[in-house]
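Breakdown of the fold
For reference, the chains in residue letters:
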Amino acid sequence: MNAKKKFDHGDDLVFLPLGGTGEIGMNCYCYGAGPADDRRWLMVDLGVKFGEAAEPGIDVVLPDVSFLAENRRKLAGLVVTHAHEDHIGAVPWLWPQLRCPIYCTAFAAQIIALKLKEAGLDEEVKVHVVKPGARLSLGPFDIEFISVTHSIPESTNESPAAVICCRRKSSR
């Protein structure tokens with residue numbers, strides 16, 4: 001009897017936090033679907049972390065998106081949950097490396113538009129406005145913008161646990 005059993009990784013769902021876990025700020029969560037050699041990615045939020053007293057001279061800290069920048073052709077898009085800096089603050093700095101479409105509510109889109117204009121990127125970046133409660137398909141992901149109560153208008157899917165509601169489409 002063979003004790004080794006082959007496992008089919010074709011339906012893998014991978015969670016890759018690039019920030020925001022175990023810390024306050026720099027929220028950036030990535031979900032990968034499919035086999036490792038052909039995995040599609042979805043990024044949720046792209047925020048900053050503000051420097052602390054123990055980090056003199058550091059104003060903001062950005063997530064390291066180099067892995068996704070290298071694989072940007074497999075990046076379905078960036079979904080923004082709400083317009084707080086720790087969820088959108090890194091967009092003008094890091095979007096040029098990712099060059100992916102952005103999906104968010106109207107309020108977040110307006111705040112992002114201001115940031116992109118200040119960075120001179122307003123003509124380059126396509127921001128798609130999605131209504132709270134709407135559903136969206138991006139690559140293998142089926143996303144529902146679930147409204148949540150928060151301290152800023154039009155907040156959706158506030159935590160990574162809620163974002164896992166980004167259900168994979170069945171390939172069958």
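On a predicted model such as this, the values are computed, not experimentally measured, just so you know.

What follows covers the overall build of the protein. Across its full length, the protein holds five helices and eleven strands. Counting the 172 residues in the protein, one finds 41% classified as buried. A fraction of 61% describes how many contacts in the protein between residues 6 or more apart in sequence connect residues 24 or more apart. Carbon together with sulfur atoms contributes 54% to the accessible area of the protein, which is approximately 9400 Å² in total.

With 13 residues, helix α4 (residues 106-118) extends 19 Å from end C-alpha to end C-alpha; this agrees with the ideal 18 Å at 1.5 Å per step. For α4, the set of buried residues is A108, A109, I112, K115 and L116. Relative to the axis of α4, the buried residues are bounded by an arc of 125° and lie together on one face. Facing away from the buried side of α4, by more than 90 degrees, are the exposed residues Q110, L114, K117 and E118. Backbone geometry just after α4 places G120 at a positive phi near 75°.

Within the open sheet, the six strands sit side by side as β1-β2-β3-β6-β7-β8. Their pairing is mixed. Of all strands in the sheet, those bounded by a partner on one side alone are β1 (13-19) and β8 (127-129). Each strand of the sheet is rotated relative to its neighbour by a mean of 25°, with strand direction disregarded. Two elements, strand β7 (residues 102-104) and β8, share three bridges in a ladder whose sense is parallel. Opposite I102, over in β8, you have V127 as the bridge partner.

Take the packing of aromatic side chains next. A complete count under the given rule lists three aromatic pairs for this structure. Ring centres of F15 and Y31 lie 5.3 Å apart, and the angle between their planes is 40°; this geometry places the pair in the tilted category. One end of the pair, F15, is in strand β1; the other, Y31, is in strand β2 (residues 28-33), and 16 residues separate them in sequence. We classify F15 as partly exposed; its relative accessible area is 39%. You can call Y31 buried: its relative accessible area is 2%. Aromatic side chains W41 and F67 sit 5.4 Å apart centroid to centroid with 85° between the ring planes, which places their arrangement in the edge-to-face category.

In this fold, G20 is placed in the loop between β1 and β2. G20 sits 28 residues away from V48 along the chain, and the two C-alpha atoms are 9.1 Å apart. Once you skip the residues sitting within four places of it in the chain, G20 turns out to touch G25, M26, N27 and Y29.

For the structure on display, the rule yields six salt bridges. For the salt bridge of E124 with R99, the shortest nitrogen-to-oxygen distance reads 2.7 Å. Placement of the pair is E124 in the loop between α4 and β8 and R99 in the loop between α3 (91-98) and β7, with a sequence separation of 25 residues. On the basis of relative accessible area, R99 is assigned to the partly exposed category, the value being 41%. For D142, the salt bridge is made with R135, and the minimal N-O distance between the two is 2.2 Å. Exposure remark for D142: the relative accessible area of 18% places this residue in the buried category. The exposure class assigned to R135 is partly exposed, which follows from its relative accessible area of 48%. Each of K49, E52 and E55 takes part in salt bridges that share partners, so that together they form one network.

Reading the values: rules and limits
- Residues numbered from 1 in each chain as written.
- Predicted model: local features only at pLDDT ≥ 70, side-chain atom pairs only at ≥ 80, totals over all residues.
- Heavy atoms only, no water.
- Helix = DSSP H or I, 4+ residues; strand = E, 2+ residues; numbered from the N terminus.
- Buried < 20%, exposed > 50% of the residue type's maximum accessible area, 1.4 Å probe, protein only.
- Contact = heavy atoms within 4.5 Å.
- Areas by Shrake-Rupley, 256 points an atom, 1.4 Å probe, with all protein chains shown as cover.
- Expected span 1.5 Å × (residues − 1).
- Arc of directions from axis to C-beta.
- Pairing = 2+ DSSP bridges.
- Axes fitted to C-alpha atoms, helices over the stretch in contact; angles between N-to-C directions.
- Phe/Tyr/Trp six-rings, centres within 6.5 Å; stacked < 30°, edge-to-face > 60°.
- Salt bridge = Lys/Arg side-chain N within 4 Å of Asp/Glu carboxyl O.

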